[in-house]
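Geometric and topological summary
Listed below, chain by chain, are the residues.
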Amino acid sequence: KMERKNMVLLTVIAVATLLVAVVGATFAYFTATATTENSTEANVTTTKELNGATVTFTGTESKLELLNYPGGLAVYGAKATIKKTDPRDANDYQATFGLKISYINQTSTDLEWDLYMVAQEYDGLDADNATTCKLQQKQVGSEVQFWYADQSDPEDDTTQTCNGEGIATALDGLGATKIASGKLKMKQNDSKEITQDNLVEEADGTQHDGVLSKRMINTKSASDKYYYLVVKYPNSDAPQADDEGKQISVTLSIDGDIQSTLYSAS
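Quick look at the structure, then. Everything quoted here is computed from the prediction, not taken from an experiment. (Residues numbered from 1 in each chain as written. Predicted model: local features only at pLDDT ≥ 70, side-chain atom pairs only at ≥ 80, totals over all residues. Heavy atoms only, no water.)

**Section: the state of the cysteines**
Rules: In what follows, a disulfide is any cysteine sulfur pair within 2.5 Å. For the purposes of this entry, the term helix denotes a DSSP run of H or I that reaches at least four residues, the term strand denotes a run of E that reaches at least two, and both are numbered from the N terminus. Between buried and exposed lies partly exposed: a residue is buried under 20% and exposed over 50% of the maximum accessible area for its type, with that area taken using a 1.4 Å probe on protein chains only.
What the rule picks out here adds up to 1 disulfide. Disulfide pairing places cysteine 133 opposite cysteine 162 at an S-S distance of 2.0 Å. Disulfide cysteine 133-cysteine 162: the torsion about the S-S bond is 75 degrees, which places it as right-handed. On the criterion of sequence distance, the pair formed by cysteine 133 in strand 9 (residues 133–140) and cysteine 162 in the loop between strand 10 (143–150) and helix 1 (165–173) is long-range, its members being 29 residues apart. What makes cysteine 133 buried here is its relative accessible area of 9%.

Below is the structure:
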């Protein structure tokens, strides 16, 4: 019997790059005859010189990736920082920018996403320990079925999905605000962008919440802002064999130019 192998690709620019191999798919889970390969990652830093200041957008150490089977979730952290170009400069500066999510989702499942903002990372988010999501498996004849579910879910129910409540609670404990949410639509073979211009309502009527534009940091009192993108891969009892070999890529980045002005607290 020839072994079937799939490749699921997740790319998060300014956050991380992940390459994961998955094997065989059936209903509401993947059927595998081999384990997943070790992931590789590379952080990318975006730096822009402004009038009197420098803005850097880069990935944080807090990262969780459990998207190689249905039911899983992922958390990607990014940090925006502004610094004066000349520390002796008596002026303070404010940077205003928008955020953009670019994605490809070739699977037959809509992925869900929530974007959180933390004004100050007091203790940090330990995404790995903030979830009860774990890989489940079930032996059915000669096959081993894999899916993600919370530890409290029935171990033999292949339709379960990690709910991400632990992540949401941990972010709430950091004082996070959910600034936007929506879906990465299924069967998108070409790159698609989610910006403030199409966040409220897409052409097909899909509704989103929140504001991706007018993100602000300043050198006086808010030099750092943290952003956490939570992506979920819903599980169901629908056939998922068509997801074999399909690509998923997600990119969180600054949208367009960054506006720089002198900062005024008034």
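That shown, we press on.
**Remarks on the nonpolar core**
One broad rule of soluble globular proteins: the nonpolar side chains tend to lie buried together. As a reminder, the rule being used: Note on terminology: a nonpolar core comprises buried Ala, Val, Leu, Ile, Met, Phe, Trp, Tyr and Cys residues joined through side-chain atoms within 4.5 Å. Contacts are assigned to residue pairs that have any heavy atoms within 4.5 Å of one another.
If you look at the biggest cluster of nonpolar residues, it comprises 35 residues, and the most contacted ones within it are Leu99, Trp113, Leu115, Leu184 and Tyr227. Mapped onto this core, the elements with two or more residues apiece are strand 5 (53–65), strand 6 (73–84), strand 7 (93–105), strand 8 (111–118), strand 11 (177–184), strand 15 (224–232) and strand 16 (248–262). Here the element with the most residues in this core is strand 7; it accounts for 6 residues. Apart from the residues lying within four places of it in its own chain, the contact partners of leucine 115 are Leu99, Thr177, Lys178, Ile179, Ala180, Leu212, Tyr227, Tyr228, Leu229 and Leu252. If you look at the next biggest cluster of nonpolar residues, it comprises 22 residues, including Cys162, Ile167, Tyr226 and Val230.

**Things to note about the pattern of salt bridges**
For side chains of opposite charge, pairing can occur when their charged atoms come near one another. Rules: Salt bridge, as applied in this entry: a Lys or Arg side-chain nitrogen positioned within 4 Å of an Asp or Glu carboxyl oxygen.
Evaluation of the coordinates by the stated rule reveals 6 salt bridges. Two residues, glutamate 193 and lysine 100, come together in a salt bridge whose shortest N-O distance is 3.6 Å. Here the residue glutamate 193 occupies a position in strand 12 (residues 188–194), and lysine 100 occupies one in strand 7, the gap between them amounting to 93 residues. By relative accessible area, which is 40% here, glutamate 193 ends up partly exposed.

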